[in-house]
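Chain and residue survey
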Amino acid sequence: MKRAGFAAGVALVTLPATASAQTPPPAPATATLSVSARDTLGGAALTRRAFTARVVIKPFVPNETVKLRVYRGAKKIRVKTLTFKSVNGGAAGVATLKIKTPKPGRLTLRAAHAATPGLAETTAKPVRLDAVRPYAANGSRGPAVRILQSKLAAMKYVVPRTGVYDSGTANAVMAFRKMTGMARTWTATPEVFDAVLAGKGKFKVRHPKDGRHVEARISKQVFALIEGGKVRRIYHTSTGAPATPTVRGKFHVYRKDPGTNAKGMVDSVYFIRGYAIHGYVSVPPYNASHGCLRVPIANAREIYNWLRLGDVVWVEE
């Protein structure tokens, strides 16, 4: 009896030692976190227009979250907790958030994942971008102008790519305004940016089988150089005033006179009698010429060089 009691006592004493020897829980996995800005325009955002913040975590663990903070300057303007979704067969997790700001400024995106039993604490490198007003006028420079120039050039409007709103950019904006039926001013307002980003203002080719040719639109006061059925360049122009209208019809280039003549016509390309496409010092947004197709002097030489004798010139409403 004494031996049995002694054994039971020993067993009671040794139980806590057995429990303390259990294996500790595994440490949380190490994670990597990154944040990026998507749907931006040349790395910038326009006020009133949403872009997407995208956060990626590796590896993916179900039910993990990330806290995304958005700052404008030093001011915190938004905080959102996002849940990751599996991508690439579970190799990573992705969380997204649409962001829109009504005010311009430098935006900073900061993403952080707090430690959990499944993943260790981790922080992404901040991402910074500019939010700018969709407006540009003479002398403007920076992201808004670069966005505008890039989108106009993609639609074949002849525009510089300098990031500066100069006369060439104003002429391209004028041509775009004419094509979309907007007021004929030289400024890129929010209305212009909205239309450009929506893909409006495209020049539709009417005579794709005429090879390398010109298509002038009297009602729009623009013309385009066409080749292979595709628009190559679109120009702001001023055609004949009501008292001296431009002839309509299908013509052919029959003469080319380089330089400036006695009437101030620069690099003239004649398509019938005295009617020509030429550079001129004044190209207003309405029809004001003596019947020719006036273009800004800065554009005259490239048009002169592009057109060849015999090329078709269409002049239509």
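Residues numbered from 1 in each chain as written. Predicted model: local features only at pLDDT ≥ 70, side-chain atom pairs only at ≥ 80, totals over all residues. Heavy atoms only, no water.

Focus on the sheet that holds strand β3 (residues 51-58)
Ordered in space as β1-β3-β7-β6, the four strands form an open sheet in which the pairing is antiparallel. For this open sheet the edge positions go to β1 (32-38) and β6 (85-87), each flanked by a neighbour on one side alone. With direction set aside, neighbouring strand axes in the sheet form an average angle of 30 degrees. (Pairing = 2+ DSSP bridges. Helix = DSSP H or I, 4+ residues; strand = E, 2+ residues; numbered from the N terminus. Axes fitted to C-alpha atoms, helices over the stretch in contact; angles between N-to-C directions.)

Here's the deal with the sheet that holds strand β14 (residues 249-252)
Spatial strand order, β13-β12-β11-β19-β14: five strands in an open sheet with mixed pairing. Taken across any chain shown, the strands that pair with only one partner, and hence form the sheet edges, are β13 (230-236) and β14. The average undirected angle you get between the axes of adjacent strands in this sheet is 20 degrees. Strand direction decides the pairing type here: strand β11 (residues 213-217) and strand β12 (residues 222-227), joined by five bridges, are antiparallel.

Describing the nonpolar core
By size, the foremost hydrophobic cluster in this structure holds 32 residues, and its most contacted members are L148, L152, Y157, Y165, F176, A188 and F203. Elements with a minimum of two residues in this core: β2 (44-46), α2 (143-154), α3 (167-180), α4 (190-197), β12 and β13. Not counting the four nearest positions on each side in its chain, Y157 is found in contact with L152, A172, A175, F176, M179, G201 and I234. (Core = buried A, V, L, I, M, F, W, Y, C linked by side-chain atoms within 4.5 Å. Buried < 20%, exposed > 50% of the residue type's maximum accessible area, 1.4 Å probe, protein only. Contact = heavy atoms within 4.5 Å.)

Thoughts on the environment of Y254
Take Y254: it is sitting in the loop between β14 and β15 (255-260). Taking the relative accessible area as the measure of exposure, Y254 reaches 39% and is therefore partly exposed. Each C-alpha atom, one on Y254 and one on I272, is 7.4 Å from the other, the two residues being 18 residues apart in sequence. Residues in contact with Y254, not counting those within four places in the same chain, are Y270, F271, I272, R273, G274 and L309.

Focus: unusual backbone geometry
Here the bond from K58 into P59 is cis, since omega is 0 degrees, no more than 30 degrees from zero. Along the chain, the position of P59 falls in the loop between β3 and β4 (65-72). Despite not being glycine, D39 has its phi angle at roughly 60 degrees, a positive value. Within the element layout of this structure, D39 appears in the loop between β1 and β2. Positive phi outside glycine occurs at D267, with the angle close to 50 degrees. Here D267 falls in the buried class, since its relative accessible area comes to 7%.

Some thoughts on the confidence of the model for the protein
With 92% of its residues at a pLDDT of 70 or more, the protein has an overall mean of 93. Low pLDDT, under 50, characterises residues 5-15; the stretch is placed with zero contacts to residues that sit more than four places away or in other chains. (pLDDT = per-residue confidence, 0-100.)

What about the pattern of salt bridges?
Here the structure, examined in full by the defined rule, presents 13 salt bridges. Close ionic contact of E215 with R217 constitutes a salt bridge, the shortest N to O distance being 3.2 Å. Of the charged contacts, one joins R255 and D257 as a salt bridge, the two residues approaching to 2.9 Å between their closest N and O atoms. Taken together, the shared-partner salt bridges connect R212, E227, R232, R308 and D311 into one network. (Salt bridge = Lys/Arg side-chain N within 4 Å of Asp/Glu carboxyl O.)

A word on the side chain of T246
The topology assignment puts T246 in the loop between β13 and β14. Within the structure, T246 has its side chain in polar contact with the backbone oxygen of G291 (distance 2.8 Å). Leaving out residues up to four positions away in the same chain, T246 has contacts with I218, T239, G240, Y275, G291, C292, L293 and V315. (Polar contact = N/O pair within 3.5 Å; in protein donor to acceptor, adjacent residues only side chain to side chain.)

Some remarks on α2
With twelve residues, α2 extends 16 Å from end C-alpha to end C-alpha; this agrees with the ideal 16 Å at 1.5 Å per step. Of all the positions in α2, only P143, A144, V145, I147, L148, Q149 and L152 are classed as buried. Summarising the contacts, the buried residues of α2 are in contact with β2, β10 (127-132), α3 and α4. Looking one or two places after α2, you find K156, whose phi comes out positive at around 80 degrees. (Expected span 1.5 Å × (residues − 1).)

What to know about the environment of P242
Locating P242 in the fold gives a position in the loop between β13 and β14. Remark: the alpha-carbon pair of P242 and H290, spanning 48 residues in sequence, is separated by 9.2 Å.

Considerations on the packing of aromatic side chains
If you walk through the whole model with that rule in mind, you get four aromatic pairs. For R110, the ring lying beneath its charged end belongs to Y71, and the centroid distance is 5.8 Å. The positively charged end of R255 is found above the aromatic ring belonging to Y270, 4.2 Å away from the centroid. (Phe/Tyr/Trp six-rings, centres within 6.5 Å; stacked < 30°, edge-to-face > 60°. Lys NZ or Arg CZ within 6 Å of the ring centre and 35° of its normal.)

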